[in-house]
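In case you want the letters, here they are:
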There are 2 protein chains.
Amino acid sequence: MVETHKLTKNQKLVVEALKSAEGPLSAYAILEELRPHGVKAPLQVYRALDKLMELKLIHKVESMSAYVACVQPDCHTHKTVGFAICSSCNGVQELPENVVSLHLDNWAQETGFVRSGIALEVRGTCKTCRENEAAEACC
Amino acid sequence: MVETHKLTKNQKLVVEALKSAEGPLSAYAILEELRPHGVKAPLQVYRALDKLMELKLIHKVESMSAYVACVQPDCHTHKTVGFAICSSCNGVQELPENVVSLHLDNWAQETGFVRSGIALEVRGTCKTCRENEAAEACC
DNA sequence: GAACCAATGTAATAATATAACAAGTCAAGA
DNA sequence: TCTTGACTTGTTATATTATTACATTGGTTC
């Protein structure tokens, strides 16, 4: 279990905002949401985000400049992290660790590159949006 | 062969700047480099970048907000693209297509997610930097 | 308490990216 | 040739994302 009780006030606020969000939030979206709770400046959010990423409680979706709470139960132990992002609804699904790593290990060994982390962002259209688009087109 | 002769003036300038660069360049770094050639505004660069990405002649390294010319000979046919980024020197190596795709296909089929593109950014330390660090530490 | 370290608050600014609109270019067809 | 329309361009202004710098607070250790 993660020791969430050690988090500071701002860190708790930020991680809770992300957990209760539908999808990824930008730093400034988080700021707006937390203004009523006394968070006033971008830096307060960014500092909390940095620490939370260090603790592997959240992730940054690089291609969106946005942040998500990790949904996988033992995510803080992951070395491999990926997302599937729907270009239509901006929804994000986490990719299980096993979809990626294997081949990379070989490549890393061959080239002498030592991995510390990975960002995998798959773009596409999710099932729901695809079905909606099909429904609109058919009639 | 790619039809580079169809590129507009700004597009040619931008792609050439990226090709002759050591590593990834930010949009504003490109702008500074091209000022002597009459490029004056960020939008001129961003528009060229957009088109070049559409043509698959260059790629964006999301986690650096920077852009690189594709080095793989048939890169414009790739659906899968990845980079290994050294956290020490910021150098970027392109990952061959075959290191990633397999497992993703299964996952995509299971979840009904239709892929259109992929951004894979592996963080770590490259061989050269690792050796340099080792040399510094040993004595 | 004094010294210290980490977290905080605040203001200012840097870096990255887009919106809005006017104007120029060029090929296809009347 | 003229004109229409799609596309590219130039320019200004502005939005969005992220960091620097510095003063302050709050607890921990000696």
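Structure's up top.
Residues numbered from 1 in each chain as written. Chains lettered and ligands numbered in written order. Predicted model: local features only at pLDDT ≥ 70, side-chain atom pairs only at ≥ 80, totals over all residues. Heavy atoms only, no water.

K.L.:
Report on the sheet that holds strand β4 (residues 92-95) of chain B, specifying residues and quantitative values.
P.N.:
Taking strand neighbours across the sheet as the criterion, the six strands line up as β4(A)-β3(A)-β5(A)-β5(B)-β3(B)-β4(B) in an open arrangement whose pairing is mixed. Of all strands in the sheet, those bounded by a partner on one side alone are β4 (92-95) of chain A together with β4 of chain B. The sheet shows a mean angle of 20° between the axes of neighbouring strands, direction not considered. Of the pairings in the sheet, the one linking strand β3 (residues 82-86) of chain A to strand β5 (residues 114-125) of chain A comprises five bridges and is parallel in character. In the strand pairing of β5 of chain A, A84 of chain A is matched with V122 of chain A. (Pairing = 2+ DSSP bridges. Helix = DSSP H or I, 4+ residues; strand = E, 2+ residues; numbered from the N terminus. Axes fitted to C-alpha atoms, helices over the stretch in contact; angles between N-to-C directions.)

K.L.:
So what's going on with the nonpolar core? Which residues, and what values?
P.N.:
Membership of the largest hydrophobic core comes to 26 residues, with the highest contact counts inside it found for L95, W107 and V122 of chain A together with L95, W107, F113 and V122 of chain B. Those elements that provide at least two residues to this core are β3, α4 (101-111) and β5 of chain A together with β3 (82-86), α4 (101-111) and β5 (114-125) of chain B. Beyond its immediate stretch of four places on either side in the chain, F113 of chain B contacts A84, I85, C86, Q93, V122, R123, G124, T125 and C126 of chain A together with W107 and A108 of chain B. (Core = buried A, V, L, I, M, F, W, Y, C linked by side-chain atoms within 4.5 Å. Buried < 20%, exposed > 50% of the residue type's maximum accessible area, 1.4 Å probe, protein only. Contact = heavy atoms within 4.5 Å.)

K.L.:
Residue-level account of the interface of chain B and chain A, with values.
P.N.:
Often, the extent of an interface is quoted as the loss of accessible area upon association of its parts. Each partner contributes to the interface: chain B provides 33 residues, whereas chain A provides 33 residues. For the pair chain B and chain A, the summed buried surface comes to about 2,800 Å²; carbon and sulfur atoms form 64% of the total. Together, H103, W107 and F113 of chain B form the three largest contributors to the area buried by chain B at its contact with chain A, with a combined 22%. Taken together, the links from chain B to chain A amount to zero salt bridges. Scanning the region where chain B abuts chain A turns up ten residue pairs in polar contact (both at pLDDT 80 or more). Of all the secondary-structure elements, those providing two or more residues to the side of chain B that touches chain A are β3, β4, α4, β5 and α5 (127-138) of chain B. (Buried area = accessible area lost by both parts, 1.4 Å probe. Salt bridge = Lys/Arg side-chain N within 4 Å of Asp/Glu carboxyl O. Polar contact = N/O pair within 3.5 Å; in protein donor to acceptor, adjacent residues only side chain to side chain.)

K.L.:
Run through the protein's contact with DNA strand D, naming residues and quoting values.
P.N.:
Neighbouring DNA strand D are 16 residues; Y28 and K60 of chain A together with T8, Q44 and R47 of chain B lie closest to it. Here DNA strand D approaches the protein such that, of its atoms within 4 Å, sugar and phosphate make up 42%. The side chain of N10 of chain B places a nitrogen or oxygen atom 2.9 Å from a phosphate oxygen of DNA strand D. For the surface near DNA strand D, the leading source of residues is helix α3 (residues 42-54) of chain B, giving four residues. (Near = heavy atom within 4 Å.)

K.L.:
Go over the pairing of strand β1 (residues 58-61) of chain B with me, naming the residues and quoting the values.
P.N.:
All names here are of chain B. Two strands pair when backbone bridges link them, and β1 and strand β2 (residues 66-69) are joined in this way by four bridges, in the antiparallel orientation. From the neighbouring strand, V61 faces β2, where its bridge partner is A66. Between β1 and β2, which pair antiparallel one after the other, the connecting turn spans four residues, and S65 there sits at a positive phi close to 45°.

K.L.:
Residue-level account of the packing of aromatic side chains, with values.
P.N.:
Taken as a whole and assessed by the stated rule, the structure comprises four aromatic pairs over all chains. On the basis of an interplanar angle of 50° and a centroid distance of 5.8 Å, the ring pair of W107 of chain A and F113 of chain A is categorised as tilted. Across the pair, F113 of chain A and W107 of chain A agree in class, each one buried. Ring geometry for Y28 of chain B against Y46 of chain B: centres 6.3 Å apart, planes inclined by 70°, an arrangement best described as edge-to-face. One end of the pair, Y28 of chain B, is in helix α2 (residues 27-34); the other, Y46 of chain B, is in helix α3, and 18 residues separate them in sequence. (Phe/Tyr/Trp six-rings, centres within 6.5 Å; stacked < 30°, edge-to-face > 60°.)

K.L.:
Can you explain the side chain of E62 of chain A? Please cite residues and give values.
P.N.:
Along the chain, E62 of chain A falls in the loop between β1 (58-61) and β2 (66-69). Residues within four places of E62 of chain A in sequence aside, it is in contact with A119 and E121 of chain A together with E62 and S63 of chain B.

K.L.:
Can you break down helix α3 (residues 42-54) of chain A residue by residue, with the values?
P.N.:
All names here are of chain A. The terminal C-alpha atoms of α3, which comprises 13 residues, lie 18 Å apart, in line with the 18 Å expected from a rise of 1.5 Å per residue. All of the buried residues in α3 are V45, A48, L49 and L52. Along the long axis of α3, the arc covered by the buried residues comes to 105°, so they all point the same way. Of the exposed residues in α3, the ones pointing more than 90 degrees away from its buried face are R47 and E54. (Expected span 1.5 Å × (residues − 1). Arc of directions from axis to C-beta.)

K.L.:
Residue-level account of the relation of the copies chain B and chain A, with values.
P.N.:
Once chain B is rotated about the relating axis by 180° and shifted along it by 0.0 Å, it coincides with chain A to within an RMSD of 0.1 Å. Seen this way, the second copy is the image of the first under a two-fold rotation axis. Every residue of chain B has its C-alpha some distance from the rotation axis, and the shortest such distance is that of L120 of chain B, at 2.2 Å. Most of the interface of chain B is mirrored in chain A, where 100% of its interface residues are also at the interface. (Least-squares fit on C-alpha atoms with pLDDT ≥ 70 in both.)

K.L.:
An account of the packing of helix α1 (residues 9-19) of chain B against α3 of chain B is requested, with residue identities and associated values reported.
P.N.:
Residue and element names in this part refer to chain B. In the contact formed by α1 and α3, the axes pass within 9 Å of each other and the chain directions differ by 80°. Judged by the inter-axis angle, α1 sits roughly perpendicular to α3. Residues N10, Q11, V14, V15 and L18 of α1 lie in contact with α3, whose contacting residues are Q44, A48, L49, K51 and L52. By residue class, the composition of the contact of α1 with α3 is six nonpolar, three polar and one charged. (Parallel < 35°, antiparallel > 145°, perpendicular 65-115°, else oblique. Nonpolar A, V, L, I, M, F, W, Y, C, P; charged D, E, K, R; others polar.)

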